[in-house]
Amino acid sequence: MFRVLIVGAGLTGSLCACLLRREMPSNTRIVVWDKARGAGGRMATSRSPNDPTCTADLGAQYITATPYYSQKHQSFYEELLAHSILKFLTAPVEGMVMKEDGSRNFITPRGISSIVKHYLGESAGAEVFFNYHVTHIHLKDEKWEVCRKSGAPEQFHAVVLTMPVPQILQLQGDLDKLIDRTQRQKLEAVSYSSRYALGLFYEAGTEIDGPWAAKYITNNPCIRFISIDNKKRNLESTDAGPAVVIHTSMTFGLEHLEEGKEKVEPLILEELARVLPGLPKPVSTECQKWRYSQVTQAVSESPGQMTIHARPLLVCGGDGFTHSNFDGCTDSALKILDVFKSNL
């Protein structure tokens, strides 16, 4: 049995698991570890603690496909559309700037994390474990011995690291000496923006009025984007309560990055009251700190992956090696698959 460990159950990690299952021999055993309590990574969908049918996307809000990527990744879009995971964005988004003529925007009726869950589901037989926080990687007996915060070390024939690049560089063990000087320089040059997201959950029947489903806010020091999430996803229902999502500006995120969420949330709510006066009081809230929100500087030349060791294989991937969107993560997963095909 050939054991492959994928670290990270976000979009790149889940799609890697799916592609490896489809392309690798049947004796390949795929294992996915993620330090969070659920799948999604930065494609996270949260649920109200009072009503599980009331959900909010605290990470990515929608997917934009340019004409180039619509063609390049046509099979991926067609698959997600066929399973009703993606649908076209038809609700009004005020202030949206289309990057390119002919681009198409998609929403996820079941939440943005449904994309990740679909790919994990397509990784038939893959073992997925949450609350598994990797700390050390050692080269031992021509395998990788991987340690986590709690539990016994496990050995794998190949390892794929898909977490943000700074978290890769923080790993202990043999990884530090295996990364060569040029690779280290490229990895250390990767940078990310930071921001907070705040989800407001409401009781069923609450009315949130407005001419838009989502809106980009300009000239505000705190708030950059607001979404009435159920309207954005065309989920008008009398049974499920509405949800509102607020994304802060990068400047605000950086300024308050090292503060606790309990201190930052009141600042966001105070500013929100100025931007949307009269907004009803939610029954619950959830504040999310995105330390690594979006890549502002990827690995030079955006290779999609970086192979640290060929045999046994250890490869890094994710948006830090491409760019921060669906197509960047898809490109990375495809590049990682190519590495497996050529090295194994």
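The structure we're discussing is the one just above.
Residues numbered from 1 in each chain as written. Predicted model: local features only at pLDDT ≥ 70, side-chain atom pairs only at ≥ 80, totals over all residues. Heavy atoms only, no water.

Caption draft 1: Highlighting the sheet that holds strand E15 (residues 191–201). Strand order in this open sheet of 6 strands is E7-E16-E17-E18-E15-E19, and the pairing throughout is mixed. Single-partner strands in this sheet number two, and they are strand E7 (93–94) and strand E19 (284–297). As defined by bridge partners, strand E16 (residues 214–216) adjoins strand E17 (residues 223–228) across 3 bridges and the pair is classed as antiparallel. When the sheet's bridge partners are listed, Ala214 is paired in E17 with Ser227. Against the sheet, helix H10 (residues 261–275) touches E15, E17, strand E18 (243–248) and E19, its axis set at about 70° to E15. (Pairing = 2+ DSSP bridges. Helix = DSSP H or I, 4+ residues; strand = E, 2+ residues; numbered from the N terminus. Contact = heavy atoms within 4.5 Å. Axes fitted to C-alpha atoms, helices over the stretch in contact; angles between N-to-C directions.)

Caption draft 2: Spotlight on the packing of helix H3 (residues 74–82) against helix H4 (residues 113–122). Between H3 and H4, the least distance of the axes is 12 Å, while the angle of their chain directions is 100°. By the criterion of interaxial angle, the relationship of H3 to H4 is roughly perpendicular. Taken together, the residues of H4 that come into contact with H3 (itself represented by Phe76, Glu79 and Leu80) are Ile115, His118, Tyr119 and Glu122. Residues that form the contact of H3 with H4 fall into these classes: 4 nonpolar, 1 polar and 2 charged. (Parallel < 35°, antiparallel > 145°, perpendicular 65-115°, else oblique. Nonpolar A, V, L, I, M, F, W, Y, C, P; charged D, E, K, R; others polar.)

Caption draft 3: Focus on the pattern of salt bridges. The final tally for this structure, using the stated rule, is 19 salt bridges. Ionic pairing is found between Lys341 and Glu23, a salt bridge with its closest N-O pair at 3.6 Å. Of this pair, Lys341 sits in helix H11 (residues 326–343) while Glu23 sits in helix H1 (residues 11–23), and the two are 318 residues apart along the sequence. By relative accessible area, which is 48% here, Lys341 ends up partly exposed. Judged by its relative accessible area of 46%, Glu23 falls in the partly exposed class. (Salt bridge = Lys/Arg side-chain N within 4 Å of Asp/Glu carboxyl O. Buried < 20%, exposed > 50% of the residue type's maximum accessible area, 1.4 Å probe, protein only.)

Caption draft 4: Examining unusual backbone geometry more closely. Between Arg311 and Pro312 the backbone carries a cis peptide bond, its omega angle lying at 0°. In this structure, Pro312 sits in the loop between strand E20 (305–309) and strand E21 (313–317). Even without being a glycine, Asn131 presents a positive backbone phi close to 60°. Topologically, Asn131 is positioned in the loop between strand E9 (127–130) and strand E10 (134–140). Classification of Asn131 by relative accessible area gives exposed; the value is 52%. Within the chain, Asp141 stands out as a residue other than glycine whose phi angle is a positive 55°. Mapped onto the fold, Asp141 is located in the loop between E10 and strand E11 (143–148).

Caption draft 5: Focus on the packing of aromatic side chains. Enumeration over the complete set of coordinates arrives at 10 aromatic pairs. Ring centres of Phe88 and Phe106 lie 5.0 Å apart, and the angle between their planes is 35°; on these two criteria the pair is classed as tilted. Here the residue Phe88 occupies a position in strand E6 (residues 87–88), and Phe106 occupies one in strand E8 (residues 104–107), the gap between them amounting to 18 residues. Residue class for Phe106 comes out buried when judged on its relative accessible area of 1%. Of note, Arg148 hangs over the ring of Trp33, and the distance from its end group to the ring centre comes to 5.7 Å. (Phe/Tyr/Trp six-rings, centres within 6.5 Å; stacked < 30°, edge-to-face > 60°. Lys NZ or Arg CZ within 6 Å of the ring centre and 35° of its normal.)

Caption draft 6: Molecular detail of the side chain of Asn220. Along the chain, Asn220 turns up in the loop between E16 and E17. What makes Asn220 buried here is its relative accessible area of 16%. Within the local environment of Asn220, its side chain forms a polar contact with the backbone nitrogen of Cys222, the two atoms lying 2.8 Å apart. Excluding residues that lie within four positions of it along the chain, Asn220 makes contacts with Glu271 and Val275. (Polar contact = N/O pair within 3.5 Å; in protein donor to acceptor, adjacent residues only side chain to side chain.)

The values reported here are purely geometric and, on their own, carry no functional implication.
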